[in-house]
Amino acid sequence: MAGKFELYEDKAGEYRFRLKAGNGEIILASEGYKQKASALNGIESVRKNSAIDDRFERKETTSGKPRFNLKASNGQVIGTSESYSSASARDNGIASVQKNAPDASLDDQTA
């Protein structure tokens, strides 16, 4: 099964998206957007930027858990991963985003 983007509205009325791998696991989550069009632009930015390895910022949480951000060409964060148990698990998460994002379908749950 291929990956998919889920577009939804949060409790605060902001639009967010998450990228799920073929197994249903969330591999990337967005910030909140005031406009639906902005969230859709964010999805397109993930599709485009996920192919560029340098756009992935590999980092750690304050408790030392590996995670990553995907950044646009302007340096703005467009998606954040969960926390991982190891750097290799984080790198597998990045590989999953790179594999799934370009052709992921869109599940618009706001319609």
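Check the entry above for the structure.
Residues numbered from 1 in each chain as written. Predicted model: local features only at pLDDT ≥ 70, side-chain atom pairs only at ≥ 80, totals over all residues. Heavy atoms only, no water.

Colleague: Looking at this model, I keep getting lost on the packing of aromatic side chains. Mind explaining?
Modeller: Here a ring pair, both rings aromatic, is described through the centre-centre distance and the interplanar angle of the planes. The tally for this structure, following the rule as stated, stands at four aromatic pairs. Residues Phe 5 and Phe 17 carry aromatic rings whose centres are separated by 6.0 Å and whose planes lie at 75° to one another, so their mutual orientation is edge-to-face. With Phe 5 in strand β1 (residues 4–9) and Phe 17 in strand β2 (residues 15–20), this residue pair connects regions lying twelve residues apart in the sequence. Classification of Phe 5 as buried rests on a relative accessible area of 0%. (Phe/Tyr/Trp six-rings, centres within 6.5 Å; stacked < 30°, edge-to-face > 60°. Helix = DSSP H or I, 4+ residues; strand = E, 2+ residues; numbered from the N terminus. Buried < 20%, exposed > 50% of the residue type's maximum accessible area, 1.4 Å probe, protein only.)

Colleague: Just checking my understanding: could you explain the side chain of Arg 90 for this structure?
Modeller: Its location among the elements puts Arg 90 in helix α2 (residues 87–100). Owing to a relative accessible area of 10%, Arg 90 belongs among the buried residues under this scheme. For Arg 90, the residues in contact, after removing those within four places along its chain, are Arg 58, Lys 59, Pro 66, Arg 67, Phe 68 and Tyr 84. (Contact = heavy atoms within 4.5 Å.)

Note that all results are geometric; they support no functional claim without further evidence.
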